[in-house]
Amino acid sequence: MFNVIMARSDPSPSKDPPDDGYLAGQLLVAMPSMSDPRFARSVICLCAHSPDGAMGIVLNQPLESLTFDELLGQLKLDPVPPARRIRLTQGGPVEGGRGFVLHTADWETEGSLKVMDGLALTASVEILKAIAEGGGPRQGVLALGYAGWGPGQLDDEIQRNAWLSVPADEALLFAEQPDQLWRLALAKLRVDPSLLSGSAGHA
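**Q** How would you explain helix H5 (residues 181–188) if you had to name every residue and give the values?
**A** Taken together, the buried positions of H5 are Leu181, Trp182, Ala185 and Leu186. Looking straight down H5, one finds its buried side chains confined to an arc of 135 degrees; they lie on one side. On its buried face, H5 sits against strand E1 (26–30), strand E2 (43–50), strand E9 (163–167) and helix H4 (170–173). Taken from the residues just after H5, Arg190 is the one with a positive phi, measuring 60 degrees.

Structure follows, in structure tokens:
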């Protein structure tokens, strides 16, 4: 059983996404040659990207060991059963017990991180309570853990063609069939996965 922590999120020193050519708000799509098995065929929403590093949420690794109802029970939140549920994903290998909700920005609270126009990241219990009661953001996904990169690390991986970048949209961010997300993201770039290799160019 996970010991889930929902608190104020501060993955970036700024609430606003960086501008200057960084990729916050984009989706990272793992190339077939990805050597790290934790990220094989992964699709990651990059929530923060700056000279200090990067932070993102893996969208297509469904969390099978915990349900939304069980999560609410751990956090002692009512109602049970909830009026609404959202999908749970293993957000990455860093801080696997920490919870984040990636969601449409029609609902925000103090401490919400603006990822891009229309998209935010919140790590407070209030958002789960709002969703369980039938309110909250229109769309959302709850992630346990996140993917993190140190200064320049992600930029180096992109230069080595480990990742493609894809503009994010709601159909990809909140896909109901996450097992299809990798191919759907590549299809948005009009890329045939069978033609990709580690030496291919990147978007």
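**Q** I'd like to hear about unusual backbone geometry, residue by residue, with values.
**A** The phi angle at Lys76 is positive, at roughly 55 degrees, despite the residue not being glycine. Tracing the sequence through the fold places Lys76 in the loop between helix H1 (68–74) and strand E4 (87–90). The class of Lys76 is exposed, set by a relative accessible area of 73%. In this structure, Arg190 is a non-glycine residue whose phi angle is positive, near 60 degrees.

**Q** Before we move on, can you summarise the pairing of strand E7 (residues 119–122) with the specific residues and values?
**A** Judged by which residues are buried, E7 turns out to be covered on both faces: Leu119 and Leu121 on one side and Ala120 and Thr122 on the other are all buried. Relative to E7, strand E5 (residues 94–104) runs antiparallel, the two sharing four bridges. Within E7, the position partnered with Thr104 by the bridge is Leu119. Bridge count for strand E6 (residues 113–116) against E7 is three bridges, and the pairing is antiparallel. Along E7, the bridge assignment pairs Leu113 with Leu121. Taking the residues between adjacent antiparallel strands as the criterion, E6 and E7 are bridged by two residues, where Gly118 takes a positive phi near 85 degrees.

Criteria and cut-off values
- Residues numbered from 1 in each chain as written.
- Predicted model: local features only at pLDDT ≥ 70, side-chain atom pairs only at ≥ 80, totals over all residues.
- Heavy atoms only, no water.
- Buried < 20%, exposed > 50% of the residue type's maximum accessible area, 1.4 Å probe, protein only.
- Helix = DSSP H or I, 4+ residues; strand = E, 2+ residues; numbered from the N terminus.
- Arc of directions from axis to C-beta.
- Contact = heavy atoms within 4.5 Å.
- Pairing = 2+ DSSP bridges.

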